[in-house]
Amino acid sequence: FFQGNPGTGKTSLARIIAQLLYRIGIIKSDLLVEVQRDKLVAEYVGQTGPKTQKVIDQAKQGVLFIDEAYRLSQDSGKSDFGREAIEQLMAAM
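Model, not experiment: these values are computed from the prediction.

What follows is about the overall build of the protein chain. Helix and strand counts for the protein chain stand at 3 helices and 2 strands. Counting from the amino terminus, helix and strand elements in the protein chain follow one another as α-β-α-β-α. The principal-axis extents of the C-alpha atoms in the protein chain amount to approximately 45 × 30 × 15 Å. Put simply, the protein chain has 93 residues, and 30% of those count as buried.

Next up, the structure:
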């Protein structure tokens with residue numbers, strides 16, 4: 001949804017949108033859960049799915065904001081599990 005250089009207000013705008021969605025009754029809370037790649041992606045096989053699901057569950061009543069989400073798709077080698085996090089997020093949608 002949001003693009004821009006650091007400091008351009010992406011997180012602030014996400015907070016405002018969470019509040020608006022709450023006020024009009026689309027979500028149950030104005031909670032904004034802000035995470036980066038390290039909160040979703042684990043180091044070993046089989047750990048990323050549950051780690052990502054835990055964050056999804058924390059944000060279920062509000063909005064999940066993934067700062068620098070593009071980094072999930074940047075493959076940094078054989079032991080990079082960013083794609084697994086993306087798949088878990090897509091399944092939850």
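Here the focus is the side chain of Lys 10. Relative to the helices and strands, Lys 10 resides in helix H1 (residues 10-23). Within the buried set, Lys 10 has no salt-bridge partner at all; the shortest N-O distance to an opposite charge, 5.3 Å, is to Asp 67. A distance of 2.9 Å separates the side chain of Lys 10 from the backbone oxygen of Gly 4, its partner in a polar contact. Only 3.0 Å separates the side chain of Lys 10 from the backbone oxygen of Asn 5, close enough to count as a polar contact. Setting aside residues up to four positions removed in sequence, Lys 10 forms contacts with Phe 2, Gln 3, Gly 4, Asn 5 and Phe 65.

This part is about the side chain of Arg 37. With respect to the secondary-structure elements, Arg 37 resides in the loop between strand S1 (32-35) and helix H2 (48-59). Here Arg 71 takes part through its backbone oxygen, which lies 3.0 Å from a polar atom of the side chain of Arg 37. When residues no more than four places from it in sequence are discounted, the contact partners of Arg 37 are Arg 71, Leu 72, Gln 74, Asp 80 and Gly 82.

Judged by nonpolar contacts, Val 33, Val 35, Leu 40, Val 41, Val 55, Ile 56, Ala 59, Leu 72, Phe 81, Ala 85 and Leu 89 together constitute the single largest core of 11 residues. Broken down by secondary-structure element, the contributors of at least two residues to this core are S1, H2 and helix H3 (82-92). The dominant element in this core, judged by the number of residues it contributes, is H2, at 3 residues. Apart from residues no more than four positions distant in its own chain, Val 41 is found in contact with Thr 48, Lys 51, Leu 72, Phe 81, Gly 82 and Ala 85. Grouped together as the second largest cluster of nonpolar side chains are 6 residues, Ala 18, Ile 27, Leu 32 and Val 63 included.

Cut-offs and rules
- Per chain, residues are indexed from 1 in the order of the written sequence.
- In keeping with the predicted nature of the model, local features appear solely for residues at pLDDT of at least 70, side-chain atom pairs appear and are counted solely at 80 or more, and the whole-chain, interface and lining totals rest on all residues.
- For side-chain calculations, the full set of non-hydrogen atoms in the structure is used, while hydrogens and water are omitted.
- Comment: elements are numbered from the N terminus, with helices defined as DSSP H or I runs of at least four residues and strands as E runs of at least two.
- For every residue, the accessible area (1.4 Å probe, protein chains only) is compared with the maximum for its type, and the residue is labelled buried under 20%, exposed over 50%, or partly exposed between those bounds.
- Charge convention: Lys and Arg are scored as positive, Asp and Glu as negative, and His as well as the terminal groups of each chain are ignored.
- Take a side-chain nitrogen of Lys or Arg and a carboxyl oxygen of Asp or Glu: if they are within 4 Å of each other, that pair is a salt bridge.
- In the analysis that follows, any N or O atom pair within 3.5 Å is treated as a polar contact, provided that within protein one partner can donate a hydrogen and the other can accept it, and provided that, for residues neighboring in sequence, both atoms belong to side chains.
- Should any heavy atoms of two residues lie within 4.5 Å, those residues are considered in contact.
- We define a nonpolar core as any set of buried Ala, Val, Leu, Ile, Met, Phe, Trp, Tyr and Cys residues linked to one another through side-chain atoms lying within 4.5 Å.

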